[in-house]
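Close look at the chain arrangement
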Amino acid sequence: MSEKNHTELAQQVQQLSELVQKQGQMIAKTGKQLMEMQLSDVKSRMAQMDAPQQKFNIEDYATNEDIVQLVCELQGQLDFMEDRLIARTFNSHLTKASPELAKIAPLCNKDGTPAPEFFPQTKANLNALEPADLLRLCEFYELIMENEANPELEAIVKSDTLTPEDAEKLMNTSLGTKTVEQKLAQFTADDIADLFDEFARFIGVRIRKGPEW
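Residues numbered from 1 in each chain as written. Predicted model: local features only at pLDDT ≥ 70, side-chain atom pairs only at ≥ 80, totals over all residues. Heavy atoms only, no water.

Turning next to the packing of aromatic side chains. Aromatic ring pairs: the centre-centre distance and the angle between the two ring planes describe each pair. In the structure shown here, the tally under the stated rule is 5 aromatic pairs. Here the aromatic rings of Phe140 and Tyr141 are separated by 4.8 Å at their centres, their planes lie at 80°, and the arrangement is edge-to-face. Looking at Phe140, the relative accessible area reads 22%, which means it is partly exposed. Given the relative accessible area of 7%, Tyr141 is considered buried. Centre to centre, the rings of Tyr141 and Phe202 are 4.8 Å apart; their planes meet at 45°, and the pair counts as tilted. Of the two residues, Tyr141 is situated in the loop between α4 (131-140) and α5 (151-158) and Phe202 in helix α8 (residues 189-203); the sequence distance between them amounts to 61 residues. Phe202 sits in the buried class, given a relative accessible area of 16%. Linked through ring pairs, Phe119, Phe140, Tyr141, Phe199 and Phe202 together constitute an aromatic cluster. One Lys or Arg, Arg88, reaches over the ring of Phe202 and ends 4.7 Å from the middle of that ring. A cation over a ring is seen here: Lys209 above Phe196, with NZ or CZ 4.3 Å from the ring centre. (Phe/Tyr/Trp six-rings, centres within 6.5 Å; stacked < 30°, edge-to-face > 60°. Buried < 20%, exposed > 50% of the residue type's maximum accessible area, 1.4 Å probe, protein only. Helix = DSSP H or I, 4+ residues; strand = E, 2+ residues; numbered from the N terminus. Lys NZ or Arg CZ within 6 Å of the ring centre and 35° of its normal.)

Below you can see the structure in the form of structure tokens.
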């Protein structure tokens with residue numbers, strides 16, 4: 001073998017040796033990265049296992065029964081609204097010029113409770129409504145709410161001493177034991193006329209005792 005061929009062969013061997021060395025380093029580096037990735041994955045899984053599991057509370061989620069119940073309640077409210085709309089439409093023909101025996105359609109309240117027995121059935125009954133019955137009807141349909149402050153009760157609440165008589169007053173107030181007569185004593189004639197107009201508007205009748213529409 002000539003010296004030239006020997007030199008070329010030695011160079012090729014050297015190149016192959018360097019290539020093998022580079023490939024070995026690359027394989028070692030790739031293996032190290034793969035091991036690091038696997039180790040990271042194992043650590044992540046271990047951390048998830050050690051972490052406290054999130055509690056599942058069925059009460060936080062609506063069940064099918066809840067949805068059905070809600071739909072039924074909404075449908076019931078819509079039915080009540082439709083019934084009242086039909087009754088108001090029927091009552092809208094009543095004016096001061098209507099016959100005294102013209103019929104008035106009764107309305108249920110927002111909960112669907114039928115009208116009480118003292119609900120006026122005719123125009124004559126409406127005009128002859130006693131203030132006490134008018135007040136009861138307005139309360140039944142929640143047209144008025146008691147929100148007027150009572151100075152006497154406020155003084156009792158702020159007082160440092162509470163007598164048995166004071167306690168009885170507070171108890172009677174909390175139980176709503178104020179009679180209709182006591183409530184009416186706070187109303188003037190104009191207030192009663194306003195109550196009548198409010199009730200008439202609610203049931204759809206076009207009869208007024210006051211200056212408002």
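Here we come to the pattern of salt bridges. For the structure shown, the criterion picks out 6 salt bridges. Taking the shortest distance from any N to any O, the salt bridge between Lys123 and Glu100 comes out at 3.5 Å. With a gap of 23 residues between them, Lys123 in helix α3 (residues 123-127) and Glu100 in the loop between α2 (64-91) and α3 connect regions that are remote in the sequence. In this structure Glu100 comes out as partly exposed when scored by relative accessible area, which is 42%. A salt bridge links Arg136 to Asp133; the nearest nitrogen and oxygen atoms lie 2.8 Å apart. You can see Arg136 and its partner Asp133 sitting in helix α4, 3 residues apart, about one turn around the helix. Its relative accessible area of 34% is what places Arg136 among the partly exposed residues. In this structure, a network of salt bridges that share partners links the residues Lys110, Asp111 and Glu142. (Salt bridge = Lys/Arg side-chain N within 4 Å of Asp/Glu carboxyl O.)

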